[in-house]
Amino acid sequence: MGGDTERKRTKVARPAARVAAAALWLTVTLASACSRSAPPVPPGFIQVDIETSPSATDPRFSTDATSSRVNELVFDSLLKVDRDGQFIGDLADSFARTSPTELVFHLRHGIRFSDGRELTARDVKFTYDSILAPANLSPRRAAMVRLASIDARDPYTVVMTMRAQYAPALELGMQGIVPAGTAVRASTPRGSGPFMLTSFARDEAAVLERNPYRPYSGPLARGIVFKVVPDPTVRALELAEGVCDFAENNLEPYLLPYLIAQPGLEVSKSPGNGYRYLSFNFRDSRLKDVRVRRAIAYAIDRAAIVTSVRRGTARVATGMLSPENWAYDGDVKTYSYDPARAAALLEEAGYPRGAGGMRNLAFVYKTTPDQARLGEVIQAMLARVGIRITVRTNEFATFYSDIQNGNFDLTSMNWVGINDPNHYYMVFDSKMIPPAGYNRGAYANPAMDRLVEAGAVTLDPAERKTIYTKVQQLAAEELPYVSLWWDDTVVIMNRRLAGFQPYPNGSLRSLATVTLAGGSGAEPSR
């Protein structure tokens, strides 16, 4: 990912065709869009438009992608993942698996929270213990079920002990750390990262300023205003007008020609590992029939969607893991567009065409406003094979609640930042139905359970690769998800910014090293 991403990263060409039409259409909407209010951005700050508010500014309680993007700039963790998907030290100067059930982390000295307190092993232990405490109801506790204990051996040594050997144990080291004694669900907790959160107004903005105790050099941005702008058209206009400086992976592809034509903007894309999928609710007896799920897979022209809807900013996916992942195996059953095969499978499953060519198959597809267009495309494609789809759109909080509670037939969502294939356990194991995990469709297959549970406890990399090859093959046969595509990382940036490097998982960490033209940023701490 990392090295290859840098080599393959390309600036998007500026095609003259379609740009004028897109610009004209956007200009028509300008009058209404310009009536929006915008919080003032202090000198030396940059504005980043985001589509939704972070769900939590306390890293012990955040699970959504927006929270992760903001929080990783405020909170350090024991480990982080580089652009190649490899674990490297963050707070940890060194780390080692000292036994099949034990990890030892040696902390860097002199790291300070933004209030000046030194970060020690005591803070790390406090953070994890507060997540593990049942009374705190942290949604991150489920991912730490294998962690038996965490101890501060001395001020700079942390020891994690697993309940049993656990292959992806290093992922536990990616938790943001807060100071010992931080209140549960603190609104603006302190961190040791490059920035500190100075204000947060839900559905409006989160403002970050430089951590005064974090060394840096050069004319870097003094701070970041993450402004909540739900409408992708308005986000595009703010970029074009110079109101917004940066956006990543949150603009509809049909807006890109207009942005590419703006001389003050740079648009680039690189391979990403964000995974878009169609999910089924296995509580519905009709969707339990693999013939119905396969018919739906054959009825969706994913290549056409990637070309026409995604405008070439994605790759048709064969499974959850992208080709850059060490455990990826593309030699699996695939479902090319074949409506005739889809129709035959539906007939075989007992759903013949009736009056008007439709079948006795009707489902509700739930989505959010920004993904409604994809729902309409899927609705039209499934209608061709006689399946009725009702697209129901809700704002994100309601939508997410419905999905978590199993209140859906079909939906499409996106996983970001998949690194270890143990993610298959979290989404497909029958024990991981919410609130325990992310098996929102209640998929259950003893063969899948055995495989993903074996993968979690197998330490030998070659053996794990063999296990996850079988997992990917079984997932492609069973179709708990229909794989749609892997998103590219698409970055739109004002040309006054320099130094941003994209990550395949969409991380915004390198905003900490962005410089501003004219030296209007921050000076180094003394």
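Residues numbered from 1 in each chain as written. Predicted model: local features only at pLDDT ≥ 70, side-chain atom pairs only at ≥ 80, totals over all residues. Heavy atoms only, no water.

What to know about the overall build of the protein
Here's step 1: If you tally the helices and strands in the protein, you get 15 helices and 20 strands.
Here's step 2: Compactness check: the protein gives a C-alpha radius of gyration of 24 Å against a globular reference of 24 Å for 526 residues, within 12% of the reference.
Here's step 3: Reported as C-alpha extents along the three principal axes, the dimensions of the protein are approximately 75 × 60 × 40 Å.
Here's step 4: Considering the protein as a whole, with its 526 residues, one finds that 55% of them fall into the buried category.
Here's step 5: Considering only contacts within the protein whose residues lie at least 6 apart along the sequence, 71% involve residues at least 24 apart.
Here's step 6: Accessible surface, the protein: about 21,000 Å² in total, of which carbon and sulfur atoms supply 53%.
Here's step 7: The distance from the centre of the 61 positive side-chain charges to the centre of the 55 negative ones in the protein is 2 Å. (Helix = DSSP H or I, 4+ residues; strand = E, 2+ residues; numbered from the N terminus. Rg over C-alpha atoms; globule rule 2.2 N^0.38 Å. Buried < 20%, exposed > 50% of the residue type's maximum accessible area, 1.4 Å probe, protein only. Contact = heavy atoms within 4.5 Å. Areas by Shrake-Rupley, 256 points an atom, 1.4 Å probe, with all protein chains shown as cover. Lys, Arg positive; Asp, Glu negative; His and termini not counted. Charge placed at Lys NZ, Arg CZ, Asp CG, Glu CD.)

Thoughts on the packing of aromatic side chains
Here's step 1: A complete count under the given rule lists 15 aromatic pairs for this structure.
Here's step 2: Ring centres 3.9 Å apart and planes at 15° place the aromatic pair Y277 and Y481 in the stacked group. Remark: Y481 occurs in strand β18 (residues 481-494) and Y277 occurs in strand β13 (residues 265-280); sequence separation between them is 204 residues. Both residues of the pair, Y277 and Y481, count as buried. (Phe/Tyr/Trp six-rings, centres within 6.5 Å; stacked < 30°, edge-to-face > 60°.)

Thoughts on the environment of R153
Here's step 1: Along the polypeptide, R153 turns up in strand β7 (residues 147-154).
Here's step 2: As for R153 and A121, which are separated by 32 residues in sequence, their C-alpha atoms are 7.9 Å apart.
Here's step 3: The residues contacting R153, other than those within four sequence positions of it, are E102 and V159.

Looking at the environment of G110
Here's step 1: Along the chain, G110 falls in the loop between β6 (102-107) and α4 (121-132).
Here's step 2: Taking the C-alpha atoms as reference, G110 lies 28 Å from A206; in sequence the two are 96 residues apart.

Things to note about the environment of L451
Here's step 1: Residue placement: L451 occurs in helix α14 (residues 446-457).
Here's step 2: Note on L451: relative accessible area 18%, which makes it buried.
Here's step 3: C-alpha separation for the pair L451 and E266, spaced 185 residues apart in sequence, amounts to 45 Å.

Examining the sheet that holds β7
Here's step 1: Strand order in the open sheet made by the four strands is β5-β6-β8-β7, with antiparallel pairing throughout. Two strands lie at the open edges of the sheet, namely β5 (92-99) and β7, each paired on one side alone. Here the strands of the sheet are splayed against their neighbours by 20° on average, with no regard to which way each runs.
Here's step 2: Pairing geometry for β6 and strand β8 (residues 157-162), over five bridges, is antiparallel. Note on β8: the bridge partner recorded for H106 is T157. (Pairing = 2+ DSSP bridges. Axes fitted to C-alpha atoms, helices over the stretch in contact; angles between N-to-C directions.)

Remarks on the side chain of R464
Here's step 1: Secondary-structure assignment places R464 in helix α15 (residues 461-478).
Here's step 2: Among the residues examined, R464 registers a relative accessible area of 5% and is labelled buried.
Here's step 3: At 2.9 Å, the side chain of R464 and the side chain of D420 are in polar contact.
Here's step 4: Ignoring any residue separated from it by four or fewer positions in sequence, one finds R464 in contact with A167, P168, W326, D420, P421, N422, G455 and T458. (Polar contact = N/O pair within 3.5 Å; in protein donor to acceptor, adjacent residues only side chain to side chain.)

Some details on the pairing of strand β9 (residues 195-201)
Regular strands have side chains that alternate between both faces of the sheet.
Here's step 1: Examined bridge by bridge, β9 and strand β10 (residues 205-210) share six bridges and lie antiparallel to one another. Bridging across to β10, F200 finds its partner in A206.
Here's step 2: The hairpin formed by β9 and β10 contains three residues between the paired strands, and D203 there has a positive phi angle of roughly 70°.

Section: helix α9 (residues 302-309)
Here's step 1: Regarding α9, the residues found buried are R302, I305, V306 and V309. In a view along the axis of α9, the buried residues occupy a sector of 110°, so they form one face of it.
Here's step 2: Just beyond α9, the residue with positive phi is R311, at close to 55°. (Arc of directions from axis to C-beta.)

Brief notes about the pattern of salt bridges
Here's step 1: Scanning all chains against the criterion turns up 18 salt bridges.
Here's step 2: Of the charged contacts in the structure, one is a salt bridge between R214 and D76, with a shortest N-O distance of 3.3 Å. Remark: D76 occurs in the loop between α3 (65-71) and β3 (79-81) and R214 occurs in the loop between β10 and β11 (223-228); sequence separation between them is 138 residues.
Here's step 3: Owing to a relative accessible area of 24%, R214 belongs among the partly exposed residues under this scheme. (Salt bridge = Lys/Arg side-chain N within 4 Å of Asp/Glu carboxyl O.)

Examining unusual backbone geometry
Here's step 1: Along the chain, P434 connects to P435 via a cis peptide bond; the corresponding omega equals 10°.
Here's step 2: Secondary-structure assignment places P435 in the loop between α13 (423-428) and α14.
Here's step 3: Look at N249: it is not a glycine, yet its phi comes out positive at around 55°.
Here's step 4: One non-glycine residue, L479, adopts positive backbone phi at about 60°.
Here's step 5: According to the relative accessible area criterion, L479 is buried, its value standing at 3%.

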